[in-house]
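Here's the letter readout for the chains.
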Amino acid sequence: MRVILPIQLGDLRGWLFTLYRVVQPLLLGVGLIVVMLGYRAEVDAQANARSFYNLDLLNTRYTSDGAMVLAFNGPMKRVMAGEELLLAVDGRAIPTDYNAQTAILSGAEGAMVRLDLQRADGSRHSEMIRRSRQYLTDAYAGSGFTFESRHWLQFACAELASIIMVATALMLWWRRPHDPVSATLSVGLVGNVLNNGLPLTWTDTPALFNVLTGTLSGLGLSLALLFFPDASLRSRWSLTAIPVILLSTIVGDLVFWIRALDSVNTVLSFVSPIALGLALIARYRATPAGIARQQIKFAFLGFVTGLTLVLVSNLLAAAYPSAPSPRTQVWLIVSANMLNAMGFTAMLAGLLASLLRYRLYDADTLISRSAAYAALTLLLGAAFAASEKVIEVVGEEWFGEGNKALAAGAGAAVAATLIAPLHGRVHHWADARFQRALAAVRSVLPRRVADMREYAGLDDLLATVIGELESGVRAQRAAVLLADADGSARLARVDGASMEEARAWAEAWRPDDAVLERANDDALFPLRLMLRADGTGTVGWIVLGPRPDGTFYSADERQALAALADPVARAVHVILQRGKREQDVTSRIEHLERELGRLRALTPA
């Protein structure tokens, strides 16, 4: 079957729109209830986990026959080689009800308890263990956490992420009801909240229901990204990514809830993000410059930031069971939960800003600064590690092996001395790489203006300056006003607006003494740059319209414009003075020619 791209989704209309507007508030209400019941669920979860820890066991998952456990931090490590099935406690079978499990495992401190266990090979054995809170206390000793602080921190991260998802879904449902991308994303976010929260608040949630909510979440978020931002597929890779994401999402949910082949689930957790990332790259390259490209760029910034955090979180979570000590496990799981919440927040922030078209043209600045700080961190870290190692090796010959503290201090000093020179160079590289147009306004345009003042006319100079500014700071319209001798301003050039509009605006405008005059309520020209330099006075103004997304100019753009006032003012002044001299010379020549003609007329042949 031959597929012709692009594939376009229409706005939500008819029965589908009615269904979305009616069902989505119900899902949002359920999601909000799940978030509100999260505290009670967390209290029960902590009690359940503590009942296992007090028996020196770590619960990994449940089956129909009992609970799968690992030895935690005490004497059970000597009798358990790996994951085993806990069948009964003091002869009482492990029930499926969550609170009943806690009741059976809990009991008096210091009491001896018999555990019936089954190994992976099917053989059974019974062990006697003393119930004690000391196993848990010893496990957290030196970690900087207690059991309660660790779990409440994890809970806070998860609740914050869920609240952000519900709020984002509600905002998209309210602000963009007919947009299919916003609707898909909104449904996917609610599905994610239900998939993560329902198993905690409703412990007997059917596995099929969890598979459905997980699939709804994965497909909703994935399809929203694939069709982002204008509800169309414009690259064949995006079309190929749909079945890949569909298969990995469904299979991943089945594997997770069936509790088989955990390693397969770990691998599948990376498939969808990688497929989405490649699809976004292909989409970005196929999109011409404009609002849509800026939307993809902003979403890609949030996606890459969030994906990096989520992937690191998945790696930490995968390493959690094999950590060498409970203290390491604590830091691994806390870090994994915090990074996961931060990752989803970053993704949602990028998508929400893009869909609402909020300050789209600040994406370049954010990307540039993120890249600069990341590169600076890597360079300083490498400098510290290398210098510390060199000093340690060299110092061993003079001071023996007791110079590690000296090497660390010297390495830190070397890194500190490199901060200033590296900071400027790295930021210059990042600006040149990710903000080429603005970098040209900062560095190239002043040199070009200085050259043009020696040979070009005023019209050519103003056309060059306006053209570069419209490209560099993405002004929708621009105009140049020149200062007359009486202090009034006259229009010299208009671009992106009619001469009548600009003339009416200029007649009502009264300039002030600021180099950069800002008027956010002015829809035509909200930014005015005074062209003034030492020795020339005020020669005119460059007035700029808003950016294509309707937002005001960033601090970096305003700084670049302010720095441009001096060279442009000098160039305009020089060209005006040269024009006066040329006009004077032309007048003199014409006068001389007239006098010469008169003399020839008086002279006899």
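Rules used in this analysis
- Residues numbered from 1 in each chain as written.
- Predicted model: local features only at pLDDT ≥ 70, side-chain atom pairs only at ≥ 80, totals over all residues.
- Heavy atoms only, no water.
- Helix = DSSP H or I, 4+ residues; strand = E, 2+ residues; numbered from the N terminus.
- Buried < 20%, exposed > 50% of the residue type's maximum accessible area, 1.4 Å probe, protein only.
- Contact = heavy atoms within 4.5 Å.
- 1 Å grid on protein atoms, 1.4 Å probe; cavity = no way out; pocket = protein on both sides within 12 Å on 5 of 7 lines; lining within 4 Å.
- Points joined across faces, edges and corners; volume = space filled by probe spheres on them.
- Axes fitted to C-alpha atoms, helices over the stretch in contact; angles between N-to-C directions.
- Parallel < 35°, antiparallel > 145°, perpendicular 65-115°, else oblique.
- Nonpolar A, V, L, I, M, F, W, Y, C, P; charged D, E, K, R; others polar.
- Pairing = 2+ DSSP bridges.
- Phe/Tyr/Trp six-rings, centres within 6.5 Å; stacked < 30°, edge-to-face > 60°.
- Lys NZ or Arg CZ within 6 Å of the ring centre and 35° of its normal.
- Polar contact = N/O pair within 3.5 Å; in protein donor to acceptor, adjacent residues only side chain to side chain.
- Expected span 1.5 Å × (residues − 1).
- Bend = angle between axes of the 7 residues up to and from the residue.

A word on the overall build of the chain
- Within the chain, the regular secondary structure consists of 17 helices and 13 strands.
- Looking at the 605 residues of the chain, the share that counts as buried comes to 44%.
- By sequence separation, contacts in the chain at least 24 residues apart represent 65% of the contacts at least 6 residues apart.

Looking at empty space enclosed by the protein
- Following the criterion strictly, the structure yields 2 cavities of 30 Å³ or more and no others.
- The computed volume of the second largest cavity comes to approximately 30 Å³.
- Together, Trp-509, Pro-511, Asp-512, Ala-514, Val-515, Glu-517, Arg-528, Leu-529, Met-530 and Trp-541 line the second largest cavity.
- If one sorts the elements of the lining of the second largest cavity by residue count, strand 12 (residues 527-533) sits on top with 3 residues.

Observations concerning the packing of helix 14 (residues 436-452) against helix 17 (residues 555-602)
- With their axes 9 Å apart at the nearest point, helix 14 and helix 17 run at an angle of 5 degrees to one another. Overall, the two elements helix 14 and helix 17 adopt an arrangement that is roughly parallel. When helix 14 is examined against helix 17, the residues Leu-438, Val-441, Arg-442, Leu-445, Pro-446, Val-449 and Met-452 are found in contact with a partner set consisting of Asp-556, Glu-557, Ala-560, Leu-564, Pro-567, Val-568, Ala-571 and Ile-575.
- Among the residues making up the contact of helix 14 with helix 17, the classes are represented as 12 nonpolar, no polar and 3 charged.

Examining the pairing of strand 4 (residues 84-89)
- Taking burial as the measure, the 6 residues of strand 4 include 6 buried ones, the bulk of the element.
- Where strand 3 (residues 66-71) and strand 4 come together, 3 bridges link them in antiparallel fashion. Looking at strand 4, one finds that Ala-67 is bridged to Leu-86.
- When strand 4 meets strand 6 (residues 112-118), the two strands line up antiparallel, connected through 4 bridges. Looking at the pairing, Leu-85 lines up with Gln-118 of strand 6.
- When strand 4 meets strand 5 (residues 92-93), the two strands line up antiparallel, connected through 2 bridges. Within strand 5, the position partnered with Val-89 by the bridge is Arg-92.
- Hairpin connection of strand 4 to strand 5: 2 residues between the antiparallel strands, including Asp-90 at a positive phi of 55 degrees.

Let's talk about the packing of aromatic side chains
- Counted under the stated rule, the structure contains 9 aromatic pairs.
- Seen from their ring centres, Tyr-53 and Phe-147 are 5.7 Å apart, and the 80 degrees between their planes marks the pair as edge-to-face. Here the residue Tyr-53 occupies a position in helix 2 (residues 38-53), and Phe-147 occupies one in helix 5 (residues 147-175), the gap between them amounting to 94 residues.
- Classification of Phe-147 as buried rests on a relative accessible area of 3%.
- Arranged with centres 5.1 Å apart and planes meeting at 75 degrees, the rings of Trp-505 and Phe-525 form a pair that is edge-to-face. Of the two residues, Trp-505 sits in helix 16 (residues 499-508) while Phe-525 sits in the loop between strand 11 (516-518) and strand 12, which places them 20 residues apart along the sequence.
- These aromatic residues form a ring-pair network of at least three members: Trp-505, Trp-509, Phe-525 and Trp-541.
- When the ring centre of Trp-173 is taken as origin, the NZ or CZ atom of Arg-21, which lies over that ring, is 4.0 Å away.

What to know about the side chain of Asp-179
- Tracing the backbone through its elements, the reader meets Asp-179 in the loop between helix 5 and helix 6 (180-201).
- Of note is the side chain of Asp-179, whose polar atom sits 2.7 Å from the side chain of Ser-182.

Let's talk about helix 17
- Over its 48 residues, helix 17 extends 70 Å from the first C-alpha to the last, a length consistent with the 70 Å expected when each residue adds 1.5 Å.
- The largest bend in helix 17 amounts to roughly 35 degrees and is located at Ala-565, with the proline Pro-567 lying one to four residues further along.

Focus on the sheet that holds strand 11
- Spatially, 5 strands are ordered 10-9-13-12-11 in an open sheet, and the strand pairing comes out antiparallel. Whereas interior strands pair on both sides, the edge strands pair on one side only; in this sheet they are strand 10 (489-495) and strand 11. Sheet twist, expressed as the mean angle between neighbouring strand axes with direction ignored, is 20 degrees.
- Pairing of strand 11 with strand 12, which is carried by 3 bridges, proceeds in the antiparallel orientation. Bridge pairing in strand 12 links Leu-516 to Leu-529.
- Where helix 15 (residues 458-472) meets the sheet, it contacts strand 9 (478-483), strand 10 and strand 13 (537-544), and its direction lies at approximately 60 degrees from that of strand 10.

Let's talk about unusual backbone geometry
- With a phi close to 60 degrees, Asp-56 is a non-glycine residue in the positive phi region.
- With respect to the element layout, Asp-56 can be found in the loop between helix 2 and strand 2 (57-63).
- Exposure remark for Asp-56: the relative accessible area of 0% places this residue in the buried category.
- The phi angle at Asp-90 is positive, at roughly 55 degrees, despite the residue not being glycine.
- Summarising the element assignment, Asp-90 is placed in the loop between strand 4 and strand 5.

Some points on the pairing of strand 13
- By the criterion of burial, strand 13 is predominantly enclosed, with 6 of the 8 residues buried.
- Here strand 9 pairs with strand 13 via 5 bridges, running antiparallel. If you follow Leu-481 over to strand 13, its bridge partner there is Trp-541.
- As judged from the 7 bridges shared by strand 12 and strand 13, these two strands associate in the antiparallel manner.

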